[in-house]
Amino acid sequence: MNKQEKINSFDPSQPGLADESIFGLPFTAEESEIIIIPVPWEVTVSYGSGASNGPDAILEASFQVDLHHQDFPELWKLGMYLDLTEQTQNWADNSNKYKGLAQPIIAALESGEVIEIHPALQSDLDKINKVCRELKDEVRERVLYWMKKGKKVALLGGDHSTPLGYYEALATQHDNFGILHLDAHMDLRIAYEGFTYSHASIMYNALQLPQISKIVQIGIRDFCKQEVETVMAQNGRVIVHTDADMKAETFQGVTWEQQCDAIIAALPQKVTISFDVDGMYAWYGPNTGTPVPGGFSFEQATYLFNKLADSGKEIIGFDFVEVAPGETDWDGNVGARMLYHMCGVLAKNNSLSVGNKIIFKK
């Protein structure tokens, strides 16, 4: 069957097809408008673990997502495809292997040791930085592979170190863009714990790309002095909306709509979204690696994304990271629904179509 025949025969009111791709959709990668690249990686985790299992948890939960979305009822017709390959499994295997090497390094640092005077630990640190750099490069090339085929591409982590190669790929296609960064953390530490590509260093590393002209951070409530100094040194290139400041504004009568308008106005014309699930209240992602009290709701995030989609700015992509499954499927359940909504936002903003039929109009 061709794609239109699949659309005609598929019943979106029934449970998703578990033997198909994400959300139970029957489309091939070539037939899908949005390619989601899973990166099951968490080598440098410094507190809780499990983010490398996030893509699998979201995939499993996705089959139970009702496809008739209130905002995007025909989204499913575009096709979303999870790009599971042999490379994906290699990433998962390397994540497990090198995470084991990282833990003694972290333990030594927490005990006040100097890694440089321990040759074995320094050797392992060098190996970890090398394999993390290789992951970054492989992610970049995989993203570019699909972009060059005309697909919209999103990244699904894994920990928050995973999208750096994604940003590098975007930087080859766009000479000026910003990041709308939703997170509990600034992620501006420099080579945190000696790991050049730490999850806590993703936004610092992103700043090394000159094409990224602005990072606007939302929900921040845990940061160190070094990160504040980095923000100050950027002279407005990084705008931080702490959770405490945003809550204080609402207590004084400022609405979420007004806050969203200010956030969007500060972004450049082209924007990619980086969403760490720990930006939300902890009950949405209770097993994420570094939870922090406070945050914003699921509905506040989707409202912001909807306003961005309708703002006239161009959404060039997104990454969604740090979902970690627990004893129940709750984390995957929340993650799958947020992922589906973000795909809808990307599709609407880009006026994606099925054949000659426009599914979304700006």
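None of the values given here were measured: they were computed from a predicted structure.

Undergrad: Help me understand the overall build of the protein chain in this model?
TA: The helix and strand tally for the protein chain stands at 11 helices and 10 strands. Rg of the C-alpha trace for the protein chain: 20 Å, near the compact-globule value of 21 Å for 362 residues, within the 12% margin. Relative to its 362 residues, the protein chain shows a buried fraction of 57%. Summing over all exposed atoms, the protein chain offers an accessible surface of approximately 15,000 Å²; the carbon and sulfur share of this is 49%. The averaged location of the 49 negative side-chain charges in the protein chain is 8 Å from the averaged location of its 29 positive side-chain charges.

Undergrad: What am I meant to see in the sheet that holds strand β7 (residues 270-276) here?
TA: Within a beta sheet, neighbouring strands are joined by backbone hydrogen bonds and run either parallel or antiparallel to one another. Pairing is parallel across the open sheet formed by eight strands, whose spatial order is β2-β1-β3-β8-β7-β4-β5-β6. Single-partner strands in this sheet number two, and they are β2 (80-82) and β6 (238-242). This sheet shows a mean twist of 20 degrees between the axes of neighbouring strands, independent of strand direction. The sheet contact formed by strand β1 (residues 34-39) and strand β3 (residues 152-157) spans six bridges and is parallel. Its bridge partner being in β3, Ile37 is matched across the sheet by Leu155.

Undergrad: Can you walk me through the pattern of salt bridges in this structure?
TA: Pairing is possible between side chains that carry opposite charge, provided their charged atoms lie close to one another. In this structure the tally under the stated criterion is 17 salt bridges. We note a salt bridge from Lys127 to Asp124, for which the minimum N-O separation is 3.9 Å. In this pair, Lys127 and Asp124 are both assigned in helix α4 (residues 119-147), three residues apart and thus about one turn of the helix distant. Note on Lys127: relative accessible area 42%, which makes it partly exposed. Note that Glu168 is salt-bridged to Lys136, the shortest N-O span being 3.1 Å. Note that Glu168 is positioned in helix α5 (residues 164-173) and Lys136 in helix α4, a separation of 32 residues in sequence. Residue classification places Lys136 among the buried positions, given a relative accessible area of 10%.

Undergrad: Could you clarify how one ought to interpret the pairing of β6 in this entry?
TA: Consecutive residues of a regular strand have side chains that alternate between opposite faces of the sheet. Where strand β5 (residues 212-220) meets β6, five bridges bridge the pair, whose relative direction is parallel. When the sheet's bridge partners are listed, Gln217 is paired in β6 with Val240. Note that the unit made of β5, helix α7 (residues 225-233) and β6 has a crossover that is right-handed.

Undergrad: Help me out: how do you make sense of a nonpolar patch on the surface in this one?
TA: On the surface, a cluster of nonpolar side chains totalling about 290 Å² of accessible area is made up of Phe223, Val228 and Met232. Within the secondary structure layout, Met232 lies in helix α7.

Undergrad: Can you help me understand the packing of aromatic side chains in this one?
TA: Two measures describe an aromatic ring pair: the distance that separates the ring centres and the angle between the ring planes. On inspection of all chains with the given rule, the structure shows 10 aromatic pairs. Ring centres of Tyr281 and Trp283 lie 4.7 Å apart, and the angle between their planes is 15 degrees; this geometry places the pair in the stacked category. Taken together through their ring pairs, the aromatic side chains of Phe275, Phe296, Phe305 and Phe320 make up a single cluster. Sitting over the face of the ring of Phe27, Lys3 holds its NZ or CZ atom 5.3 Å from the ring centroid.

Undergrad: Could you clarify how one ought to interpret empty space enclosed by the protein in this entry?
TA: To find leftover empty space, one rolls a probe the size of a water molecule over the atoms. In total, this model carries three cavities of 30 Å³ or more according to the counting rule given. Of the pockets and cavities examined, the largest cavity occupies roughly 60 Å³. In terms of lining residues, the largest cavity is bounded by Trp41, Cys132, Leu135, Lys136, Ser161, Thr162, Leu164, Gly165 and Tyr197. Within the residue set of the lining of the largest cavity, elements represented by two or more residues are α4 and α5. No other element matches α4, which puts three residues into the lining of the largest cavity.

Undergrad: Please clarify how the packing of helix α8 (residues 243-251) against helix α9 (residues 256-265) should be interpreted in this entry.
TA: Where α8 contacts α9, the two axes come as close as 10 Å, and the packing angle between them is 135 degrees. In terms of orientation, α8 lies oblique with respect to α9. Of the residues in α9, those in contact with Met246, Glu249 and Thr250 of α8 are Trp256, Gln259 and Ile263. The residue makeup of the contact of α8 with α9, split by class, is three nonpolar, two polar and one charged.

Scoring rules and cut-offs
Residues numbered from 1 in each chain as written. Predicted model: local features only at pLDDT ≥ 70, side-chain atom pairs only at ≥ 80, totals over all residues. Heavy atoms only, no water. Helix = DSSP H or I, 4+ residues; strand = E, 2+ residues; numbered from the N terminus. Rg over C-alpha atoms; globule rule 2.2 N^0.38 Å. Buried < 20%, exposed > 50% of the residue type's maximum accessible area, 1.4 Å probe, protein only. Areas by Shrake-Rupley, 256 points an atom, 1.4 Å probe, with all protein chains shown as cover. Lys, Arg positive; Asp, Glu negative; His and termini not counted. Charge placed at Lys NZ, Arg CZ, Asp CG, Glu CD. Pairing = 2+ DSSP bridges. Axes fitted to C-alpha atoms, helices over the stretch in contact; angles between N-to-C directions. Salt bridge = Lys/Arg side-chain N within 4 Å of Asp/Glu carboxyl O. Right-handed = clockwise from strand over helix to strand, strands pointing away. Patch = residues over 30% accessible without salt bridge, like charges linked within 9 Å, V, L, I, M, F, W, Y side chains within 5 Å. Phe/Tyr/Trp six-rings, centres within 6.5 Å; stacked < 30°, edge-to-face > 60°. Lys NZ or Arg CZ within 6 Å of the ring centre and 35° of its normal. 1 Å grid on protein atoms, 1.4 Å probe; cavity = no way out; pocket = protein on both sides within 12 Å on 5 of 7 lines; lining within 4 Å. Points joined across faces, edges and corners; volume = space filled by probe spheres on them. Parallel < 35°, antiparallel > 145°, perpendicular 65-115°, else oblique. Contact = heavy atoms within 4.5 Å. Nonpolar A, V, L, I, M, F, W, Y, C, P; charged D, E, K, R; others polar.

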